[in-house]
Amino acid sequence: MSLDVSIATDPAEDPRAVVVLAHGAGAGMTHPFYEGLARALTADGITVVRFNFPYVEAGRRMPGRPADAVATWRAVAAHAGGLGLPVWAVGKSYGGRMASMAAAEGDLAVEGLVYLGYPLHAPGKPEKPRAEHLPAIALPQLFVEGTRDTFIQPIEQFEAVVATCQDARIAWIEGADHGFAVAGRRRDPLTIGAELAPIVSGFVR
């Protein structure tokens with residue numbers, strides 16, 4: 001697949017790895033959440049490659065076919081591999097789930113995956129989980145999750161799903177919702193994104 005989507009590279013000085021960072025369904029790659037996360041990661045020696053999914057490029061609000069998003073993930077990961085460093089996939093919600101689908105098919109060229117708020121199911125619909133492909137992923141996986149995230153309630157169901165994975169762990173953010181906002185802590189999206197960087201960086205190490 002040709003790279004017909006927007007890509008932004010945030011280079012680190014003397015980088016040790018590359019993170020390909022995918023946005024969620026509600027905002028493109030320039031949202032302050034991703035800006036904050038990218039800045040903090042580059043400051044820690046990780047080059048960040050951000051991109052838009054095709055539906056964002058087309059000016060649509062709703063995601064398109066999963067196959068298009070999966071193909072975009074493959075193409076951007078291959079592009080990032082040209083930098084000559086280990087490549088890791090990081091995705092917020094929808095972006096992470098699309099990475100997991102690509103990895104389950106076995107042809108996503110990355111070292112591991114980090115999900116920032118994996119959308120196990122639509123809020124209030126735990127009877128329809130999006131998890132049947134996860135046990136097929138052999139790569140290391142890190143689920144970064146807020147304990148108040150309505151996309152993974154009940155938590156016991158989510159933990160049972162993660163337990164079916166070959167190599168996965170959970171990093172809990174106490175009191176955080178799906179966007180990692182915490183009640184009683186007033187933070188802008190730039191700060192929220194930046195504060196997740198140590199968790200991501202630690203896993204990439």
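None of the values given here were measured: they were computed from a predicted structure.

**Q** For this particular structure, what's the right way to read the nonpolar core?
**A** The tendency in soluble globular proteins is for nonpolar side chains to be buried as a group. Counting residues in each nonpolar core, the largest one holds 35 residues, and the members touching the most others are Val20, Phe53, Trp73, Leu108, Leu113, Leu134 and Phe143. Elements with a minimum of two residues in this core: strand S2 (17-22), strand S3 (46-51), helix H3 (66-81), strand S4 (87-92), helix H4 (94-104), strand S5 (113-116) and helix H5 (155-163). Contact partners of leucine 108, with chain neighbours within four places excluded, come to Trp73, Arg74, Ala77, Ala89, Ala99, Ala102, Ala103, Leu113 and Leu139. Core analysis: the second largest hydrophobic core is formed by 27 residues, Ile46, Val114, Ala176 and Val200 among them.

**Q** Help me understand the environment of alanine 22 in this model?
**A** Along the polypeptide, alanine 22 turns up in strand S2. For alanine 22, a relative accessible area of 0% gives the class buried. Sequence-distant contacts of alanine 22, that is, excluding residues within four places in its chain, are made with Tyr34, Phe51, Phe53, Trp73, Val90, Gly91, Lys92 and Gly95.

**Q** Teacher, can you tell me more about the packing of aromatic side chains here?
**A** Two numbers describe a pair of aromatic rings. These are the distance of the centres and the angle of the planes. A full pass over the atoms with the stated rule returns 12 aromatic pairs. With 5.6 Å between their ring centres and 75° between their planes, tryptophan 88 and phenylalanine 203 make a pair best called edge-to-face. Placement of tryptophan 88 in strand S4 and of phenylalanine 203 in helix H6 (residues 189-204) is noted, with a sequence separation of 115 residues between them. Here phenylalanine 143 and phenylalanine 158 contribute two aromatic rings whose centre-to-centre distance is 5.6 Å and whose plane-to-plane angle is 80°, an arrangement assigned as edge-to-face. Note that phenylalanine 143 is positioned in strand S6 (residues 141-146) and phenylalanine 158 in helix H5, a separation of 15 residues in sequence. Side by side, phenylalanine 143 and phenylalanine 158 carry an identical accessibility label, which is buried.

Rules and cut-offs
Note that residues are indexed from 1 along each chain, following the sequence as it is written. It should be noted that, the model being predicted, local features are given only for residues of pLDDT at least 70 and side-chain atom pairs only at 80 or more, the latter also being counted only at that level, while totals for whole chains, interfaces and linings use all residues. Processing note: side-chain calculations cover all non-hydrogen atoms of the structure and skip hydrogens and water entirely. Buried Ala, Val, Leu, Ile, Met, Phe, Trp, Tyr and Cys residues form a nonpolar core when they are joined through side-chain atoms within 4.5 Å. Exposed residues in this analysis have more than 50% of their type's maximum accessible area, buried residues have under 20%, and partly exposed residues fall in between, with area computed by a 1.4 Å probe over protein chains only. In this description a helix means any DSSP run of H or I spanning at least four residues, a strand means any run of E spanning at least two, and both kinds are numbered starting from the N terminus. Contact between two residues is taken to exist if any of their heavy atoms lie within 4.5 Å; hydrogens are not considered. Two rings from Phe, Tyr or Trp (for Trp, the six-membered ring) form a pair when their centres sit within 6.5 Å of each other. Planes less than 30 degrees apart are called stacked, planes more than 60 degrees apart edge-to-face, and all others tilted.

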